[in-house]
Number of protein chains: 2
Amino acid sequence: MSGMPRASPRSLPPPEDHAARFTQQREADRSAIAEDYVELIADLLQEEGEARAVDIARRMGVAQATVAATVARLQRDGLVETKPYRGLFLTPAGQAVASAARARHELVVRFLLAVGLDPETAEADAEGLEHHASEKALAAFARFLAKHEADPK
Amino acid sequence: MSGMPRASPRSLPPPEDHAARFTQQREADRSAIAEDYVELIADLLQEEGEARAVDIARRMGVAQATVAATVARLQRDGLVETKPYRGLFLTPAGQAVASAARARHELVVRFLLAVGLDPETAEADAEGLEHHASEKALAAFARFLAKHEADPK
DNA sequence: ACTATAATTTAGCAGACACTAAGTTTTGGA
DNA sequence: TCCAAAACTTAGTGTCTGCTAAATTATAGT
């Protein structure tokens, strides 16, 4: 295919290790939506004083019924509480998830900015990347920031 | 809530923009699995000469029946062809997806290494991150590498 | 050639997340 | 106070990605 000289051998990892990566991947995907909802609820609560299902729907780009169903799962999982017509609230567990998510989100955004992304894209990409960066990766990002924010360039 | 000084205002983006991010996010998620399969098939084809469903199953950490179902979708979408008991093959479209995926994957790995991750984690994280980095982000990673591979540190 | 083993497919099920359409509240303005 | 608009819920679907269990089918070793 094309003129490329086959890059690197990059021998495949042992099957078990390989599988472990994908399994881990699937787990991250599963929690990603929960984190997005919880994070958004926390933001709305803080910025607007209340987090209503309609607003979640509008901001997530999703139908209200979808929000209802997803929130039901979050409730089942002990992250969220609802007071009909009064909006959504986070349980302590939900708040923990939210603040962890926000910390990750902000770290990723700062990192992307430091690496040369425009603010707009940094924000948009962080939305996806924050769920797939391991603790080790986040630590590396933080180290990078520490080094580069002190001594730019 | 806790002693934190409220970090940054970080006023929420306009609802439409916000929704656009998540919608984009969901699209990336949808294509992620297809890309993973296609990428793995390409790797197996190249490294072992054939890509069989059993091996895919083992390496993806998934049941054989799941592979059969997913491959059926990839086939429906014109990315893969199968010759029973002879393994899986990529259509031209599949090959295109595979090489784009591989290019992204390798770029992300190199970038993560440059930023200080150990090779093990870089590989594992790339698996998740490669599907969520926009073209702009990838371009920024490439610029970063160009700068830092020439002039380390 | 036969047959045991391995590979693949089929069937049936579950759960998450999305949709539309059709109810139910609740709220708040006239 | 009443009632229309807004918010929320319920019902019924569909797709994707998984699973297990039970066929098939092909390959390969004897």
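Our structure's up above, just so we're on the same page.
The structure displayed is predicted, hence computed values, not measured ones.

J.: Can you walk me through the relation of the copies chain B and chain A in this structure?
T.: Put simply, the two copies of the chain differ by a rotation about an axis and a shift along that axis. Rotating chain B by 180° and translating it 0.0 Å along the rotation axis places it on chain A, where the RMSD comes to 0.0 Å. In symmetry terms, the pair is related by a two-fold rotation axis. Closest to the rotation axis within chain B is the C-alpha of Leu129(B), separated from it by 2.9 Å. When the interface residues of chain B are mapped onto chain A, 100% of them again lie at the interface, so the same face is used by both copies.

J.: I tried to follow the protein's contact with DNA strand C on my own but got confused; where do I start?
T.: Every one of the 17 residues lining DNA strand C counts as a neighbour, but Thr66(A), Arg73(A), Arg26(B), Val54(B) and Gln64(B) are closest to it. Restricting the count to atoms of DNA strand C within 4 Å of the protein gives a sugar and phosphate share of 74%. Ala63(A) is positioned such that a nitrogen or oxygen atom in its backbone is 2.8 Å from a phosphate oxygen of DNA strand C. The separation between a phosphate oxygen of DNA strand C and a polar side-chain atom of Arg73(A) is 2.5 Å. When contributions to the surface near DNA strand C are tallied by element, the ones reaching two or more residues are helix H1 (15-48) and helix H3 (64-76) of chain A together with helix H2 (53-60) and helix H3 (64-76) of chain B. Among the elements that line the surface near DNA strand C, the one with the most residues is H3(A), at four residues. When grouped by side-chain class, the residues that make up the surface near DNA strand C number ten nonpolar, three polar and four charged.

J.: Can you walk me through H1(A) in this structure?
T.: For an α-helix, the turn length of 3.6 residues means that residues three or four places apart are oriented alike. Compared with the 50 Å implied by 1.5 Å per residue over 34 residues, the 49 Å span of H1(A) between its first and last C-alpha is a close match. Taking the largest bend as the criterion, H1(A) deviates by roughly 30°, centred on Ala32(A).

J.: Looking at this structure, how should I read the packing of H1(A) against helix H2 (residues 53-60) of chain A?
T.: The packing of two helices is summarised by the inter-axis angle and the distance between the axes. All names here are of chain A. One can describe the packing of H1 onto H2 by two numbers: an axis separation of 11 Å at closest approach and a directional angle of 120°. Judged by the inter-axis angle, H1 sits oblique to H2. Between H1 and H2 lies a crossing of right-handed hand. The segment H1 lies against H2, with Asp36, Tyr37, Leu40, Ile41 and Leu44 engaging Asp55, Ile56, Arg59 and Met60. Considering only residue class, the contact of H1 with H2 consists of six nonpolar, no polar and three charged.

J.: Just to check I follow, could you spell out the environment of Val115(A) for this structure?
T.: For Val115(A), the position within the fold is in the loop between helix H4 (92-114) and helix H5 (119-129). In this structure Val115(A) comes out as buried when scored by relative accessible area, which is 7%. When residues no more than four places from it in sequence are discounted, the contact partners of Val115(A) are Phe144(A), Phe111(B), Ala140(B) and Phe141(B).

J.: Just checking my understanding: could you explain the interface of chain B and chain A for this structure?
T.: A common measure of how large an interface is: the accessible area buried when the components associate. Residue-level contacts link 60 residues of chain B with 60 residues of chain A. Taking both sides of the interface into account, the surface hidden between chain B and chain A amounts to around 5100 Å²; carbon and sulfur atoms contribute 56%. In this structure, Glu123(A) engages Arg21(B) in a salt bridge whose closest nitrogen and oxygen atoms are separated by 4.0 Å. The interface formed by chain B and chain A holds 13 residue pairs in polar contact (both at pLDDT 80 or more) in total. Sort the elements by how many residues they give to the side of chain B that touches chain A and helix H1 (residues 15-48) of chain B lands first, with 16 residues. In the side of chain B that touches chain A, the residues fall into 24 nonpolar, 15 polar and 21 charged.

J.: Looking at this model, I keep getting lost on the pattern of salt bridges. Mind explaining?
T.: Two side chains bearing opposite charge may form a pair once their charged atoms approach each other closely. Residue and element names in this part refer to chain B. Scanning all chains against the criterion turns up twelve salt bridges over all chains. Taking the shortest distance from any N to any O, the salt bridge between arginine 102 and aspartate 43 comes out at 2.5 Å. Remark: aspartate 43 occurs in helix H1 and arginine 102 occurs in helix H4 (residues 92-114); sequence separation between them is 59 residues. Assigned by exposure class, arginine 102 and aspartate 43 land together as buried.

J.: Would you take a moment to explain the protein's contact with DNA strand D for this structure?
T.: Around DNA strand D, a shell composed of 17 residues is seen, among which Val54(A), Ala63(B), Thr66(B), Arg73(B) and Tyr85(B) lie nearest. Contact between DNA strand D and Ala63(B): a phosphate oxygen at 2.7 Å from a main-chain N or O atom of the residue. Contact distances for DNA strand D include 2.7 Å between a base oxygen and a side-chain N or O atom of Tyr85(B). For the surface near DNA strand D, the elements supplying multiple residues, two or more each, are H2 and H3 of chain A together with H1 and H3 of chain B. Among the elements that make up the surface near DNA strand D, the one with the highest residue count is H3(B) (four residues).

J.: I keep staring at H3(B) and nothing clicks. Help me out?
T.: All names here are of chain B. The first and last C-alpha atoms of H3 sit 18 Å apart over 13 residues, in line with the 18 Å expected at 1.5 Å per residue. Along H3, the residues that are buried comprise Val67, Thr70, Val71 and Leu74. Projected down its long axis, H3 carries its buried residues within an arc of 105°, all on one side. Facing away from the buried side of H3, by more than 90 degrees, are the exposed residues Ala65 and Arg76. Tucked into the core, H3 has its buried residues touching H1, H2, strand S1 (80-83) and strand S2 (87-90).

What counts, and at which threshold
Residues numbered from 1 in each chain as written. Chains lettered and ligands numbered in written order. Predicted model: local features only at pLDDT ≥ 70, side-chain atom pairs only at ≥ 80, totals over all residues. Heavy atoms only, no water. Least-squares fit on C-alpha atoms with pLDDT ≥ 70 in both. Contact = heavy atoms within 4.5 Å. Near = heavy atom within 4 Å. Polar contact = N/O pair within 3.5 Å; in protein donor to acceptor, adjacent residues only side chain to side chain. Helix = DSSP H or I, 4+ residues; strand = E, 2+ residues; numbered from the N terminus. Nonpolar A, V, L, I, M, F, W, Y, C, P; charged D, E, K, R; others polar. Expected span 1.5 Å × (residues − 1). Bend = angle between axes of the 7 residues up to and from the residue. Axes fitted to C-alpha atoms, helices over the stretch in contact; angles between N-to-C directions. Parallel < 35°, antiparallel > 145°, perpendicular 65-115°, else oblique. Left-handed = near helix turned anticlockwise from the far one by under 90°. Buried < 20%, exposed > 50% of the residue type's maximum accessible area, 1.4 Å probe, protein only. Buried area = accessible area lost by both parts, 1.4 Å probe. Salt bridge = Lys/Arg side-chain N within 4 Å of Asp/Glu carboxyl O. Arc of directions from axis to C-beta.

So yeah, pure geometry; function would need other evidence.
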